[in-house]
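Examining the three-dimensional arrangement
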Amino acid sequence: MPAIGIDLGTTNSCLATVEGGAPEVITNAEGERTTPSVVAFTKDGERLVGTVALRQIAMNPTRTISSVKRHMGTEWRKSIDGKQYSPQEISAMILRKLRRDAERFAGQEVVDAVVTVPAYFNDMQRNATKDAGTIAGLNVLRIINEPTAAALAYGLDHGDPQMVMVYDLGGGTFDVSVIEIGDGVIEVLSTAGDNHLGGDDFDERLTEHLIEAFERETGMSIAQDEMARERVREAAEAAKKELSSMESTIVSLPFLAQGPAGPVHLEQTITRAEFDRLTRDLIESTTDAVNQALNDAGIAASELGEVLLVGGSTRIPAVQEHVYRLTGKRPSSSINPDECVAQGAAVQAATLASARSGCTDLMPRGGELLLLDVIPISFAIETVGGVATRVIERNTTLPVHYEQVFTTAAPFQTKVEINVLQGERPMASDNRSIGKFTLKGIKRAPAGAPQINVSFDIDANGILMVTAKDLGTGNEQSITITDSERMTDAEIQDAIRDAERYEAEDDAKRASIEERARAERLVADANEKLKEQGKEMEKDDKRRLKASIGNVQRYLAKRPEKMKDAERANFTSAIQELESLL
Ligand code: AMP
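Owing to the predicted nature of the structure, the values given are computational and were not obtained by experimental measurement.

Further remarks concern the overall build of the protein chain. What the protein chain contains, in helices and strands, is 13 helices and 25 strands. With the C-alpha coordinates aligned to their principal axes, the bounding extent of the protein chain is approximately 105 × 60 × 55 Å. The burial tally for the protein chain puts 53% of its 582 residues in the buried class. Look at the contacts in the protein chain between residues 6 or more apart in sequence, and 66% of them connect residues 24 or more apart. For the protein chain, the exposed area adds up to about 26,600 Å²; of that, 49% sits on carbon and sulfur atoms.

Okay, here's the thing in structure tokens:
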């Protein structure tokens, strides 16, 4: 069974597998090499994913979800028809479509996958991504970082050991990593970035600019008109992309608003220089991360062998110029910024799947690759006075094991709460709390006497597991991780059932629509036949044909959702009968 690599992007997702030793992008059912990460719920309850969902966004903005990746690992929920959907569940709908596309391509069931996340994703965001995979019915072999995947895709074709910088500016996230590609080993030396910077911010700047200019010229306000705003945003994104290859472009939106004297149109020329001016600070805000990644890796920019650009937003010429100014290197053009992440994930998936099955046929060219990734954000524990005490430094190579003995601060304390944090700030409250452990049943003793060994294991996915042991009694203590934003196993199981049920319902609905279309076509053909050949037909044949048409029409007149199973079966027979008479 083939294993797949999935780049679950903010804006677009991409799917790849290893075929004949080399990573190949799998085209989706619509024939595209990337799938828009957009999910929509139509008014009649159908779920759409990908281009079909993207196309109807302006008509149906409140029931369409894009950039859900920005909400991964948070309490964000989308309410549709009284049901609350978590980011994991929405992402699972995208993953499920990709899985189906992979199965269509492979002609068999596909379960094993490697899914990528931005290097800067924290523990909760990684867990949420893994959960999304599980809900979609995937067995997530590993979560790997997007820049690492890009280096994997690049590393295959370039055997020479070297230092590579991956500058990844996508739709919603930015990260930069320094990676050493050696002989069969890919080691991430450092990573830095900003979880909330990407192409969407560039779109937003241009959208605001267009709306302000429109309001200035017409004296009308459209800031509150969601539909108009969405049209401007779409036009802004299209203009942004055009400005990557042209010096100027015209944004034209007829009938954008209704004025007292009739419809009002938007028409604006935007030059690349103007766009660069509007977004200069966004590009400049990536400088610190580049310098930090180089510093953390302990190298100078001149030691870089190659700079790889990943993510659609690196197509912006000013971004490329900025990277050149910072590193002195012209970025490599040998990798495709939209596809290399999925390809690298496919390479890793094939390596893991072949290692597990012992079947080397699946192995990517170049043999087994050892992937040494790092944790992007430090782990800390809250200690007395609200201080964040660092336990695992960022950029530590994965997997990592750490343990420390803790004790009590107050006399006769029988339980201790340990607050696990992720972040770089000195005070606990300025970092992200990712879980709280309550160690119970500690023997009554003076402060400082009990010895509680707490160990942290971060696996190759960058996901944290915690165990604790009371050394005084030798007992392992029960640890409750209270992480309100993680889904419980029961919730995940519910979501899986829900997703499967909806998929079955959607399939049934689609089949019913197709069957009715076929029935309508047959009735039209049969009427045509009666008109053209009615005179020459045998009386009995004519009567039978007329009766059969009437029979099919009777079912066509019924509302499909009201039909019982038996009626549906009779409808199918009626269609078959009519078909046999033509
Ligand atoms: P990704 O998340 O890597 O798919 O990146 C998607 C982002 O890249 C979106 O914000 C797109 O608008 C942006 N993008 C795609 N193509 C271009 C282009 N030719 N020029 C500028 N931005 C682009």
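Backbone torsion omega between Leu-398 and Pro-399 reads -10 degrees, so that peptide bond is classified as cis. Along the chain, the position of Pro-399 falls in the loop between strand 20 (387-392) and strand 21 (400-406). Here the phi dihedral of Ser-67 falls at roughly 50 degrees; this positive angle occurs in a residue that is not glycine. Tracing the backbone through its elements, the reader meets Ser-67 in the loop between strand 7 (64-66) and strand 8 (78-80). Of the residues examined, Ser-67 reaches a relative accessible area of 16% and is grouped as buried. Non-glycine residue Phe-412 carries a positive phi angle of around 55 degrees. Considering the arrangement of structural elements, one finds Phe-412 in the loop between strand 21 and strand 22 (416-422).

With 48 residues, the main nonpolar core has Met-165, Tyr-167, Val-178, Leu-206, Ile-222, Leu-256 and Leu-294 as its most contacted residues. With sequence-adjacent residues up to four places away left out, Val-178 is seen in contact with Val-164, Met-165, Glu-187, Val-188, Leu-189, Ser-190, Ala-293, Leu-294, Ala-297 and Ile-299. Formed by 36 residues, the second largest nonpolar core is a distinct cluster that contains Leu-15, Ile-135, Ala-495 and Ala-499.

Sheet strands associate in pairs through backbone hydrogen bonding, adopting either a parallel or an antiparallel arrangement. Taken together, three strands build an open sheet; the order of strands is 21-24-25 and the sheet is antiparallel. Lying at the two open borders of the sheet, with one neighbouring strand each, are strand 21 and strand 25 (464-470). Within this sheet the neighbouring strands show an average axis-to-axis angle of 15 degrees, counted without direction. Alignment of strand 24 (residues 452-458) against strand 25, held across seven bridges, turns out to be antiparallel. Following the sheet pairing, Ile-458 is matched in strand 25 by Leu-464.

It is worth spelling out the site of the ligand at this point. Near the ligand you find 15 residues, and of these Gly-171, Glu-237, Lys-240, Ser-244 and Gly-312 are the closest. Glu-237 has a polar side-chain atom sitting 2.5 Å from an oxygen atom of the ligand. Ser-313 is positioned with one of its backbone polar atoms (N or O) 3.2 Å from an oxygen atom of the ligand. Contact with the protein chains removes 87% of the 500 Å² of surface that the ligand exposes when unbound. Every element with two or more residues in the shell around the ligand is listed here: helix 5 (199-218) and helix 6 (226-242). It is helix 6 that contributes the most residues to the shell around the ligand, three residues altogether.

Among the seven residues in strand 22, six count as buried, and that is most of the element. Sheet analysis places strand 19 (residues 379-383) next to strand 22, joined by three bridges and oriented antiparallel. Considered in strand 22, the bridge of Ile-381 is made with Val-420. With seven bridges joining them, strand 22 and strand 23 (residues 432-439) adopt antiparallel strand pairing. Bridge pairing in strand 23 links Ile-418 to Phe-437.

Mapped onto the secondary structure, Ser-244 falls in the loop between helix 6 and strand 15 (248-259). Under the relative-accessibility criterion, Ser-244 is labelled partly exposed at 23%. Distance in space between the C-alpha atoms of Ser-244 and Ala-349 is 33 Å, their sequence separation being 105 residues. Contacts of Ser-244, omitting those with residues within four sequence positions, involve Arg-272, Arg-315, Ile-316 and Pro-317.

So, about the sheet that holds strand 5 (residues 38-41). In space, the three strands of this open sheet follow the order 6-5-7, with antiparallel pairing throughout. The open sheet has two free edges, formed respectively by strand 6 (47-49) and strand 7, since each of these has just one partner strand. For this sheet, the mean inter-axis angle between neighbouring strands, taken without regard to orientation, is 15 degrees. Where strand 5 meets strand 7, three bridges bridge the pair, whose relative direction is antiparallel. Bridging across to strand 7, Val-39 finds its partner in Ile-65. Sitting on the sheet, helix 2 (residues 87-106) is in contact with strand 5, strand 6 and strand 7, with an inclination near 105 degrees to strand 5.

Rules of the game
Residues numbered from 1 in each chain as written. Predicted model: local features only at pLDDT ≥ 70, side-chain atom pairs only at ≥ 80, totals over all residues. Heavy atoms only, no water. Helix = DSSP H or I, 4+ residues; strand = E, 2+ residues; numbered from the N terminus. Buried < 20%, exposed > 50% of the residue type's maximum accessible area, 1.4 Å probe, protein only. Contact = heavy atoms within 4.5 Å. Areas by Shrake-Rupley, 256 points an atom, 1.4 Å probe, with all protein chains shown as cover. Core = buried A, V, L, I, M, F, W, Y, C linked by side-chain atoms within 4.5 Å. Pairing = 2+ DSSP bridges. Axes fitted to C-alpha atoms, helices over the stretch in contact; angles between N-to-C directions. Near = heavy atom within 4 Å. Polar contact = N/O pair within 3.5 Å; in protein donor to acceptor, adjacent residues only side chain to side chain.

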